[in-house]
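Chains, contacts and geometry: an overview
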Amino acid sequence: MKARAIGTTLALCLVGATLCLAADGFLGTWKLNEAKSKLTPGTAKNSTVVYSTMGDNMMVTIDGTDAAGKPTHTEWMGKYDGKDYPVTGDSTSDARAVKKIDDHTLTFTVKKGDKVLVTGRIVLSADGKTRTVTTEGTDSTGKKISATAVYDKQ
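The rules behind each value
Residues numbered from 1 in each chain as written. Predicted model: local features only at pLDDT ≥ 70, side-chain atom pairs only at ≥ 80, totals over all residues. Heavy atoms only, no water. Helix = DSSP H or I, 4+ residues; strand = E, 2+ residues; numbered from the N terminus. Buried < 20%, exposed > 50% of the residue type's maximum accessible area, 1.4 Å probe, protein only. Contact = heavy atoms within 4.5 Å. Areas by Shrake-Rupley, 256 points an atom, 1.4 Å probe, with all protein chains shown as cover. Pairing = 2+ DSSP bridges. Axes fitted to C-alpha atoms, helices over the stretch in contact; angles between N-to-C directions. Polar contact = N/O pair within 3.5 Å; in protein donor to acceptor, adjacent residues only side chain to side chain. Phe/Tyr/Trp six-rings, centres within 6.5 Å; stacked < 30°, edge-to-face > 60°. Lys NZ or Arg CZ within 6 Å of the ring centre and 35° of its normal. Core = buried A, V, L, I, M, F, W, Y, C linked by side-chain atoms within 4.5 Å. Salt bridge = Lys/Arg side-chain N within 4 Å of Asp/Glu carboxyl O. Lys, Arg positive; Asp, Glu negative; His and termini not counted. pLDDT = per-residue confidence, 0-100.

Some details on the overall build of the chain
Within the chain, the regular secondary structure consists of one helix and 10 strands. Taken from the N to the C terminus, the helices and strands of the chain come in the order α-β-β-β-β-β-β-β-β-β-β. By residue count, 45% of the 154 residues in the chain fall in the buried class. Considering only contacts in the chain between residues 6 or more positions apart, those separated by 24 or more positions represent 45%. Roughly 7,300 Å² of accessible area belongs to the chain as shown, and the carbon and sulfur atoms make up 51% of that amount.

Given below as structure tokens:
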């Protein structure tokens, strides 16, 4: 369950970044830079995140692997207004909320039902080439978890 929480947290961070795309620095394809990231071994990881717009909504598509190494694919569409929007393809969560702080910063929350699983922050570098997602949460046993994922723009 710890791996699920970390995976969910990373996914939410990516969704948060997608919502910030309205500032257009977040738009595009982002690839995980494992060498610069601090991820817990044996947990889920989001390898590629794509941010695009759909009308006045942000669309975030995430591909990666679960803790067992099996492929995952999740999608989230919403606004960066801090309200919950549904996520598909993630059995560990059902909603994400993203809020734009400024043109380079997003915060996000990942939920299952009314329970907050993960919170995080997505920060776009000044040059727009790197996105750093930090997440914190609690796994199913009550143990605190955290991760930092660094993504390079493609």
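Focus on the sheet that holds strand 1 (residues 28-32)
Sheets are built from strands that pair by backbone hydrogen bonding, the pairs being arranged parallel or antiparallel. Around the barrel, 10 strands lie side by side as 1-2-3-4-5-6-7-8-9-10; this closed barrel has antiparallel pairing. Strand-to-strand, the axes of this sheet are offset by a mean angle of 25°, without reference to chain direction. Examined bridge by bridge, strand 5 (residues 81-88) and strand 6 (residues 95-102) share four bridges and lie antiparallel to one another. Each bridged residue has a counterpart across the sheet, and for Tyr85 the counterpart in strand 6 is Arg96.

So, the environment of Asp66
In this structure, Asp66 sits in the loop between strand 3 (57-65) and strand 4 (71-78). C-alpha of Asp66 to C-alpha of Gly42: the two residues are 24 residues apart in sequence and 8.7 Å apart in space. Non-local contacts of Asp66, meaning those with residues more than four positions away in its chain, are made with Thr43, Ala44 and Thr72. Within polar-contact distance, the side chain of Asp66 engages the backbone nitrogen of Ala68 at 2.9 Å.

Things to note about the packing of aromatic side chains
Inspection of every chain in the model, using the stated rule, returns one aromatic pair. The side chain of Arg131 reaches across the aromatic face of Tyr151, ending 4.6 Å from its centre.

Thoughts on the nonpolar core
The biggest cluster of nonpolar side chains holds 22 residues, and the ones touching the most others in it are Val49, Trp76, Phe108 and Tyr151. Counting residues per element, the ones that place at least two in this core are strand 1, strand 2 (45-54), strand 3, strand 5, strand 7 (105-112), strand 8 (115-124) and strand 10 (144-153). A per-element tally of this core places strand 8 first, with four residues.

Quick look at the pattern of salt bridges
For the structure shown, the criterion picks out five salt bridges. Among the salt bridges present, the one from Arg96 reaches Asp90, with a minimum N-O distance of 3.2 Å. The exposure class of Arg96 is buried, given its relative accessible area of 0%. Of the residues examined, Asp90 reaches a relative accessible area of 15% and is grouped as buried.

Concerning the side chain of Arg131
Mapped onto the elements of the fold, Arg131 is located in strand 9 (residues 130-138). Here Arg131 sits buried without a salt bridge, and the closest side chain of opposite charge, Asp152, lies 9.6 Å off (N-O distance). Of the polar contacts made by the side chain of Arg131, one reaches the side chain of Tyr51; its length is 2.9 Å.

A look at the confidence of the model for the chain
Here the chain shows a mean pLDDT of 86. Residues at 70 or above account for 82%. No element of the chain has a lower mean pLDDT than helix 1 (residues 2-19), at 52, and none a higher one than strand 1, at 98. Scored below 50 in pLDDT, residues 16-23 shows 41 contacts in the model against residues more than four places distant or in partner chains.

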